[in-house]
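Results of the structural survey
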Amino acid sequence: MADTQAIKDRVDIVQLIQEYLPLKKAGANWKAPCPFHHEKTPSFMVHPEKQIWHCFGCGKGGDIFSFIQEMEGLEFSEALKLLADRAGIKIESSQFNEINKSQKNRIAEINSKAAFFFNHFLMEMPASAAARDYLYKKRELKEQAIIDWQIGFIPDQWDLLTQYLLKKGCSIDDLVASGLTVKNEERKSHYDRFRGRIMFPISDVHGNIVGFTGRILVETENSGGKYVNTPQTIAYDKSRVLYALNKAKQEIKAKDLAVIVEGQMDVIACHEAGMKNVIAASGTALTDEQVRLIKRYTNNIAMAFDADTAGQNAAKRGIDVALAAGLNIKVITIPDGAGKDADECLKKNSSVWFKAVEEATSIMDWYFSRILKGANLNDPKIKQRAAEELLTEISKIPFAVEREAWVKKMSELLGSDTAILLEALRKIKSDIREPIHARGDVGKAESRIPVINSGKLDMLQLEISALIVKYPSIYNALRAYVKPEYFSESVYAGLYENLEKQYNTNSRATLGDFKLNNESGENIIDLLSMQSEKDYADWDEKKCEDEAGLMLSELEKNFRKLKRDALARELKIAQDMGDAVRENELLQKIMDLTN
Ligand SMILES: [Zn+2]
């Protein structure tokens, strides 16, 4: 499709992927640790010229569209729209009509119309005077902040918004699906979910409005909770959204830190005060999906949470998820009397808040001080309980060396033997049957690591092919030793067929002219050239040829052994069946192989 090529031409793949991963230059390529499987050494490569990416660890790869699909969990048509918007290209094809027809996109439209309506109503209507008073005076917000955050208001009426959106041409089914309109099944009538509320739009990481939080303005008997949120819809999944991440992501990356606060007002107050790397989990404990979103931009988070127990329990669950994902977590403590949350603290004295963020303590230090504070460690029972609590927290750290360091600290503070504590830690760890970090997609990706790197034979076939792609003349030098059967069952068979053809016809075709695709449609030659960039970037031709020669003899050895083992198995069967002719045949073959 011509449209996709036009988009590829306009979008720089390195720039695009860099928004998600810390790409580093490696020869002609760029590389980073793969976001789709767990790894320490980077094997995720991007080739800017060919506009492709590939992970040599888990085998995933493709172009900008497949990257966005994988990364954002989108359908192709959704990725197409996202990248077309980015490239500033209008797509006129049938595919685009499909996109426009999708309910998810219609809901996004509806949400943005609703946000406009709420904001307009707040700013212009006399009926919003009390709401404006609340925001300007009590919350001390400036008009520009209300515009920037698209804060709005809807008065306490039955179906004001629903009627407005129906007049704008939205269908009642879409309105119900968006969560803005509620259907009363008995009376066969429809009404607004949000009534008499200050409205905060919630955006996804790209800035599309996916839902709303409505805060009650005047609490009455019938008003239902202080906060009402958009329910789960096809556009809104609260476990996948972080409030203000769309505004904060660049600053999070620049500061290499995400500050996580409790509520929307806290976020807005921080941003307005000039601290712009601040986000909020929408009233839930951090989820796996949210942690993965954060990890696109940083591995460091600082969390502030309400002093009450409920707030702390929710925060605790989120901390466990973040710890298991390997994030560095700090805890922000607002000094006594300086306010109960970020918003209050900023209003009382903004420098106290900035200092609290600056001086956030690491989560383990925070646990240590909380658990050991005032504990009488001379009482063996109390000491035992404190040790168990601390070891339970330490056991959640996915890194062995870090765990050991904390155990050492524990041993100093408690005056207990390190060996005993380590033993106790092992016991706690084995009690946790399924470690949290083994769940979720990371674990799944690891279990389906495919073909390309598995087995020595595969590895040798891959590396030899990569060297030949780097310096095709190596093939001519080693040709006499390359037996087609070494590669006949690998994905590289086609490469050798072509090389041989080229050799025999003295063709001047270059490797780039071969179109050899693997199962997922990636060009094998491109992948091999990235592989050689990754492993042999500054090797000269001679060194590469020697290496290829060594590998080739290794491959031959492995290949023979494999063959021999297979023949031996056949031989055994022939002997068992008393098939003397076959037995002789096989013996001869085995002899041939050994020579
Ligand atoms: Zn990977």
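Residues numbered from 1 in each chain as written. Predicted model: local features only at pLDDT ≥ 70, side-chain atom pairs only at ≥ 80, totals over all residues.

Thoughts on the overall build of the protein
Defined as follows: Helix and strand labels come from DSSP, where a helix needs a run of H or I of at least four residues and a strand needs a run of E of at least two; each type is numbered from the N terminus. With C-beta atoms placed from the backbone, the exposure class of a residue follows from how many other C-beta atoms lie within 10 Å of its own: 20 or more, buried; 12 or fewer, exposed; in between, partly exposed.
Tallying secondary structure elements over the protein gives 27 helices and 17 strands in all. Along the three orthogonal principal directions, the C-alpha set of the protein runs to about 95 × 75 × 50 Å. Buried residues in the protein amount to 34% of all 595 residues.

Considering the nonpolar core
Just so we agree on the cut-off: Nonpolar cores are identified as sets of buried Ala, Val, Leu, Ile, Met, Phe, Trp, Tyr and Cys residues joined via C-beta atoms within 7 Å.
In this structure, Val259, Ile279 and Met303 are the most contacted members of the largest nonpolar core, which totals 91 residues. The greatest single-element share of this core, amounting to 7 residues, is contributed by helix α6 (residues 103-124). Core analysis: the next-biggest nonpolar cluster, separate from the first, contains 49 residues, Phe67, Ala84, Val491 and Leu527 among them.

A closer look at the sheet that holds strand β9 (residues 197-203)
Test applied: Here, strands pair whenever DSSP counts at least two bridges between them. Angles shown run from 0 to 180 degrees and are taken between the N-to-C directions of axes, each axis being a line fitted to C-alpha atoms and, for helices, limited to the stretch in contact.
Spatially, β6-β9-β10-β11 is the arrangement adopted by the 4 strands of the open sheet, whose pairing is antiparallel. Looking along the sheet, the strands with just one partner apiece sit at the ends: β6 (152-154) and β11 (227-229). Across the sheet, the mean angle from the axis of one strand to that of its neighbour is 30 degrees, orientation sign disregarded. Here β9 runs beside strand β10 (residues 209-216); their pairing, made up of 7 bridges, is antiparallel. Bridging across to β10, Pro201 finds its partner in Phe212.

Re helix α3 (residues 64-72)
To keep it simple, the criterion reads: Directions from the helix axis toward the C-beta atoms define the arc.
What α3 keeps buried is the set Ile64, Phe67 and Ile68. Along the axis of α3, the buried residues cluster in a sector spanning 95 degrees; they form a single face. Taken from the residues just after α3, Gly73 is the one with a positive phi, measuring 65 degrees.

A few points about the packing of helix α12 (residues 264-272) against helix α15 (residues 342-358)
We count it as follows: Two residues qualify as being in contact provided that their C-beta atoms, derived from the backbone, are within 7 Å of each other. Three categories are distinguished: nonpolar for Ala, Val, Leu, Ile, Met, Phe, Trp, Tyr, Cys and Pro, charged for Asp, Glu, Lys and Arg, and polar for the others, with Gly belonging to the last.
Two elements in contact, α12 and α15, have axes separated by 7 Å at closest approach and are oriented at 35 degrees. Contacts between α12 and α15 involve Met265, Asp266, Ala269 and Cys270 on the former and, on the latter, Ala342, Asp343 and Leu346. Partitioning the contact of α12 with α15 into residue classes produces 5 nonpolar, no polar and 2 charged.

Some thoughts on the domain arrangement of the protein
Bring the parts together and some accessible area is lost; that lost area is often taken as the interface size. What counts is decided by this rule: Start and end positions for the domains come from either an automated domain assignment or a database one.
Here the domain parsing of the protein yields domain 1 (2-101), domain 2 (103-236), domain 3 (242-359), domain 4 (367-447) and domain 5 (451-592). Summarising the inter-unit geometry, the C-alpha centres of domain 3 and domain 5 are found 53 Å apart.

Here's the deal with the confidence of the model for the protein
Note the threshold: The predictor rates its confidence in each residue with pLDDT, a number between 0 and 100.
Averaged over the protein, the pLDDT score is 84; the fraction of residues at 70 or greater is 91%. Of all helices and strands in the protein, the one with the weakest mean pLDDT is helix α20 (residues 440-447) (32), whereas β6 scores best (97). Across residues 433-454, where pLDDT falls below 50, the model places 30 contacts with residues more than four positions away in sequence or in other chains.

A word on the packing of α3 against helix α4 (residues 76-87)
Applicable threshold: Should an angle fall under 35 degrees it is taken as roughly parallel, and over 145 as roughly antiparallel, whereas 65 to 115 is taken as roughly perpendicular and any remaining angle as oblique. Crossing handedness: left-handed means the near helix sits turned counterclockwise from the far one by under a right angle, and right-handed means the same turn made clockwise.
One can describe the packing of α3 onto α4 by two numbers: an axis separation of 9 Å at closest approach and a directional angle of 110 degrees. When the axis of α3 is compared with that of α4, the two are roughly perpendicular. In this structure, the crossing between α3 and α4 has a hand that is right-handed. Residue-level contacts link Ile64, Phe65, Ile68 and Gln69 of α3 to Phe76, Ala79, Leu80, Leu82 and Leu83 of α4. Looking at side-chain class alone, the contact of α3 with α4 contains 8 nonpolar, 1 polar and no charged residues.

Notes on the sheet that holds strand β4 (residues 52-55)
Read from one edge to the other, the open sheet built from 5 strands follows the order β1-β2-β3-β4-β5, with strand pairing classed as antiparallel. In the strand order of this sheet, the two ends are held by β1 (24-26) and β5 (61-62), each with one partner. Note that β1 and strand β2 (residues 29-32) share 3 bridges and pair antiparallel. Within β2, the residue paired with Ala26 across the bridge is Asn29.

Some details on the environment of Ser507
Looking at the secondary structure, you find Ser507 in the loop between α24 (493-505) and α25 (524-536). For the pair Ser507 and Arg215, spaced 292 residues apart in sequence, the C-alpha to C-alpha distance is 73 Å.

Points about the pairing of strand β3 (residues 44-47)
A two-sided burial pattern is seen for β3, the buried positions comprising Phe44 and Val46 on one face and Met45 and His47 on the other. Across 3 bridges, the pairing between β2 and β3 is antiparallel. Counted as the bridge partner of Lys31 is Met45 from β3. Pairing between β3 and β4: 4 bridges, direction antiparallel. Residue pairing in the sheet places His47 in a bridge with Ile52 of β4.

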